[in-house]
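# Inside the fold
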Amino acid sequence: MSSGPDDRHVRIYEVGPRDGLQNEAVPIPIDAKLRFIELLVDAGLREIEATSFVSPKAIPQLADADDLVARLPSERGLRFPVLVPNERGLARAEAAGVDAIAVFTAATDAFTEHNIGMTIDESIAAFAPVLARADELGWWRRAYVSTAFGCPYTGRVDPRAAVEVAVRLMSIGVDEVCFGDTIGVGVPDQVTTLVGLASDAGISLERQAYHFHDTRGTALANVVSGLAAGIRTFDSSTGGTGGCPYAPGAAGNLATEDLVYLLDASGFDHGVSLEGILTAARFIADALGKPLASKVGQAGGWDQRTGQATGRPPGSDASSLLR
């Protein structure tokens with residue numbers, strides 16, 4: 001495990017506005033998206049993946065990316081990365097005035113071909129000029145390695161394959177690599193193994209991030225394993241929304257409110273208000289016309305001094321949890 005003055009500090013990288021919304025079929029008004037982002041900022045989040053500059057035909061929900069970026073909060077200390085698939089997307093992002101991007105490939109060719117129409121080799125070749133230009137502009141750069149634990153088309157993924165892709169991405173100029181459990185099949189021992197292999201390959205703990213889906217209820221257990229291994233950056237989606245449109249059954253990212261509750265109760269510092277996140281979670285659930293499905297979203301937080309639930313909506317009956 002890493003040690004030092006920041007050993008108890010965890011970065012929460014919010015993906016709700018992008019990954020949480022991209023798969024929704026009903027159009028969400030841009031004003032609702034912006035209000036969601038404002039509530040996330042109010043809750044203390046400082047890294048929020050705002051949208052994606054992919055083809056509007058591929059992801060219609062994010063077709064308003066150019067307009068949304070132009071209206072994002074501009075206060076200092078905030079980072080709003082956007083997903084960029086190619087040089088066309090980069091040109092749009094540059095025109096919109098972004099300063100942080102993410103590119104995305106996977107640990108299997110089968111998934112990259114379904115997801116972005118390229119092999120792993122082809123995707124890395126396509127990203128090289130994108131990352132080079134972003135470097136020239138002084139932008140922060142992240143890369144995703146999806147299906148790092150399992151692929152919906154080829155099954156189990158050897159963790160060494162995910163690390164090999166990550167090392168290649170680091171070599172073409174990214175600041176951080178995020179390993180994704182795209183279909184929510186990973187378990188804690190696999191997290192420990194992957195962290196160790198990535199570290200042995202020269203990817204420091206500080207440059208590793210993890211993106212867990214809670215499809216099979218293992219996301220928080222995987223976070224605990226990551227924390228024990230020294231990882232301090234985790235992705236999450238307020239309200240537990242999201243999933244990948246190219247990964248059957250991959251419903252539900254790790255909910256930010258569930259992650260915040262775990263970190264609070266475990267004594268980690270992260271700068272995010274649980275009550276603020278619950279406000280944002282209920283807002284986006286209402287905007288989507290869906291019930292809030294996350295565990296903490298339903299139960300609220302917990303005051304250790306009084307034994308009472310906290311952060312529940314007005315009029316809710318906390319005593320019903322005991323029945």
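Overview of the structure. Everything numeric in this text was worked out from a predicted model, so none of it was measured. The residue numbering used here restarts from 1 in each chain and proceeds along that chain's sequence as written. It should be noted that, the model being predicted, local features are given only for residues of pLDDT at least 70 and side-chain atom pairs only at 80 or more, the latter also being counted only at that level, while totals for whole chains, interfaces and linings use all residues. Side-chain numbers come from the whole structure's heavy atoms, not from hydrogens or water.

## Focus: the environment of glutamine 190
We count it as follows: Here a strand is any run of E in DSSP of at least two residues, a helix any run of H or I of at least four, and the numbering for each starts at the N terminus. A 1.4 Å probe rolled over the protein chains alone gives each residue an accessible area, and that area as a share of the maximum for its type sets the label: buried under 20%, exposed over 50%, partly exposed in between. Contact criterion: two residues are considered in contact whenever any of their non-hydrogen atoms come within 4.5 Å of each other. For this analysis, a polar contact is any N or O atom pair within 3.5 Å, provided that within protein one partner can donate a hydrogen and the other can accept it, and provided that sequence-adjacent residues contribute only side-chain to side-chain pairs.
By secondary structure assignment, the location of glutamine 190 is in helix H8 (residues 188-200). The partly exposed category is assigned to glutamine 190, whose relative accessible area is 25%. Between the C-alpha atoms of glutamine 190 and proline 159, which are 31 residues apart in sequence, the distance is 8.0 Å. In contact with glutamine 190, not counting residues within four places along its chain, are Phe149 and Val185. A distance of 2.9 Å separates the side chain of glutamine 190 from the backbone nitrogen of valine 187, its partner in a polar contact.

## Focus on the environment of arginine 92
Note on placement: arginine 92 falls in helix H4 (residues 87-96). Arginine 92 gets classed as partly exposed once you look at its relative accessible area, which sits at 21%. When the C-alpha positions of arginine 92 and leucine 205 are compared, they lie 32 Å apart, and in sequence the two are 113 residues distant. Apart from the residues within four sequence positions on either side, arginine 92 is in contact with Phe53, Val54, Pro56, Ala63, Ala65 and Asp66.

## Brief notes about the nonpolar core
Selection rule: Here, nonpolar core refers to any group of buried Ala, Val, Leu, Ile, Met, Phe, Trp, Tyr and Cys residues whose side-chain atoms link them within 4.5 Å.
Residues Val145, Phe179, Tyr210 and Phe234 are the most contacted members of the largest nonpolar core, which totals 83 residues. Aside from chain neighbours lying at most four places away, what touches phenylalanine 234 is Val10, Arg11, Ile12, Tyr13, Tyr210, Phe212, Val223, Gly226, Leu227 and Leu259. Core analysis: the next-biggest nonpolar cluster, separate from the first, contains 13 residues, Tyr13, Leu62, Trp140 and Cys178 among them.

## Some points on the side chain of aspartate 19
Looking at the secondary structure, you find aspartate 19 in helix H1 (residues 16-20). One polar contact links aspartate 19 to asparagine 253, side chain to side chain, over a distance of 3.3 Å.

## Structural notes on the environment of proline 60
Inspection of the secondary structure puts proline 60 in the loop between strand S2 (51-52) and helix H3 (65-70). Along the primary structure proline 60 and proline 27 are separated by 33 residues, whereas in three dimensions their C-alpha atoms are 8.0 Å apart.

## With respect to the pairing of strand S4 (residues 100-106)
The condition is simple: Two strands make a pair as long as DSSP finds a minimum of two bridges between them. For the handedness criterion, the strands are oriented away from the viewer, and a crossover whose path from the first strand over the helix to the second runs clockwise is classed as right-handed.
S4 sits mainly inside the fold: seven of its seven residues count as buried. Of the two faces of S4, the one carrying Ala100, Ala102, Phe104 and Ala106 and the one carrying Ile101, Val103 and Thr105 are both buried. Across two bridges, strand S3 (residues 82-83) lies against S4 in parallel orientation. Counterpart to valine 82 in the pairing with S4 is isoleucine 101. Remark: the S3/H4/S4 crossover connection has right-handed handedness. Pairing of S4 with strand S5 (residues 140-146), which is carried by seven bridges, proceeds in the parallel orientation. Among the inter-strand pairings, alanine 102 is bridged to a residue of S5, identified as arginine 142.

## A look at the pattern of salt bridges
Two side chains with opposite charge may pair up if their charged atoms get near one another. Stated formally: A carboxyl oxygen of Asp or Glu within 4 Å of a side-chain nitrogen of Lys or Arg is what we treat as a salt bridge.
In the structure shown here, the tally under the stated rule is 20 salt bridges. Of the charged contacts, one joins arginine 11 and glutamate 47 as a salt bridge, the two residues approaching to 2.8 Å between their closest N and O atoms. Here arginine 11, found in strand S1 (residues 11-14), pairs with glutamate 47, found in the loop between helix H2 (30-42) and S2; they are 36 residues apart in sequence, far enough to count as distant. According to the relative accessible area criterion, glutamate 47 is buried, its value standing at 10%. With a closest N to O distance of 3.0 Å, arginine 133 and glutamate 136 form a salt bridge. Here the residue arginine 133 and the residue glutamate 136 both occupy positions in helix H6 (residues 120-137), the gap between them amounting to three residues, near one helical turn. We classify arginine 133 as partly exposed; its relative accessible area is 30%.

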